[in-house]
Amino acid sequence: MTTAAPVEVGTELPPWEVASVSAEKMKTMAALLSDPTPIHWDVATLQALGMGDRPVNQGPLNMGYVMNAVTAWAGGAGSLRRLRVRFLGTVLAGQHLRVRGTVRAVREEDGVRLADCDVVLEVVDGDPGGDAVVSGSATVVLP
Amino acid sequence: MAFAEADLQTLVGRRFPGGSYTVEPWRAWLLADCVLADPPSLTDGGEQTAHPLFAWMAATGAMGVTWDELFGWFGASAADGPVFGEHETTLHRPLRVGATYRVSGGVESAERKVGRRTGVFDVVGYAMDLRDPGLPPDDPGAHVARCWNSIVFPRRDA
């Protein structure tokens, strides 16, 4: 965990940011997913569809950023117990993203201390308040 | 022809063919790199935790049907614009780099709705379970993870 402060209801997780979403990583992700949808990698298709020239990030990558944020805080990739999210919008190549999280409950289950957190992934380009594109909740094992 | 609400309900309970999925080390490295996480070491022979996004990767990669086939069950195609609505990953224990998981699941819910702005649409929920094939199915430790998703199908012709 990145802070020695006690975890309690209302504790805010350190913001986790993507400075600029990479179109190149979308291409690799499309191959890993065997995803033939060209809006993730072909600018000519985007333009033909009237969608501009910035590839659309895959939903699983957006979800993965949220996983990164909560597991970085809780102590590693193995700390995630549950993540539930709703997809609210799209993320485009080049956008600046931020994941925020707040502890909603701290509890014990089977001798393990858990934190339930509200989480949100926001596009923060030119909007300090952020525009939510993924929101939901996560449960992590506390050290 | 429009996809009828009665047809929608007949699909609840339909099982996916399923399959198995291996978190290959090269795949674990590339996925971590894509999602901006620390990639696992390819030279460390010890046990390593895979990125939790692999629950979704396995659930999707070993459904046993393509996306087009799944959309076809619901009388739709990718051109109709189906989108993910919600997702839930539950991990009973961390996923491991190099491990193979048996994947099975099916359609759990299907509901027709009408939105004031969106018109008619169907929300289909399905879940996939990841199990350790090295343990008996009834072993409490065999169930490693569960992925639940909802897909929203616009029904412009309904």
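Residues numbered from 1 in each chain as written. Chains lettered and ligands numbered in written order. Predicted model: local features only at pLDDT ≥ 70, side-chain atom pairs only at ≥ 80, totals over all residues.

On to the overall build of chain B, then. The helix and strand tally for chain B stands at four helices and five strands. Listed by position from the N terminus, the elements making up chain B come as α-β-α-α-α-β-β-β-β. Principal-axis analysis of the C-alpha atoms gives chain B an extent of 55 × 35 × 25 Å. In chain B, which comprises 158 residues, the share counted as buried stands at 35%. For chain B, restricting intrachain contacts to residue pairs at least 6 apart in sequence, the fraction spanning at least 24 positions comes to 69%. (Helix = DSSP H or I, 4+ residues; strand = E, 2+ residues; numbered from the N terminus. Buried ≥ 20, exposed ≤ 12 C-beta atoms within 10 Å, placed from the backbone. Contact = placed C-beta atoms within 7 Å.)

Looking now at the pairing of strand β4 (residues 112-123) of chain A. Residues and elements named next belong to chain A. Note: strand β3 (residues 97-109) against β4, twelve bridges, orientation antiparallel. If you follow Glu108 over to β4, its bridge partner there is Arg113. The hairpin formed by β3 and β4 contains two residues between the paired strands, and Asp110 there has a positive phi angle of roughly 50°. Where β4 and strand β5 (residues 131-141) come together, ten bridges link them in antiparallel fashion. Looking at the pairing, Glu122 lines up with Ala132 of β5. (Pairing = 2+ DSSP bridges.)

Taken residue by residue, the interface counts 25 residues in chain A and 21 residues in chain B. At the level of elements, α1 (23-33), α3 (59-74) and β2 (80-87) of chain A are the ones that each hand at least two residues to the side of chain A that touches chain B. At nine residues, the largest contribution of residues to the side of chain A that touches chain B is made by α3 of chain A. Partitioned by chemical class, the residues of the side of chain A that touches chain B number 13 nonpolar, seven polar and five charged. One ladder, built from five bridges, connects β2 of chain A with strand β2 (residues 83-91) of chain B; its direction is antiparallel. In the sheet register, Leu83 of chain A faces β2 of chain B, and the bridge partner there is Thr89 of chain B. (Nonpolar A, V, L, I, M, F, W, Y, C, P; charged D, E, K, R; others polar.)

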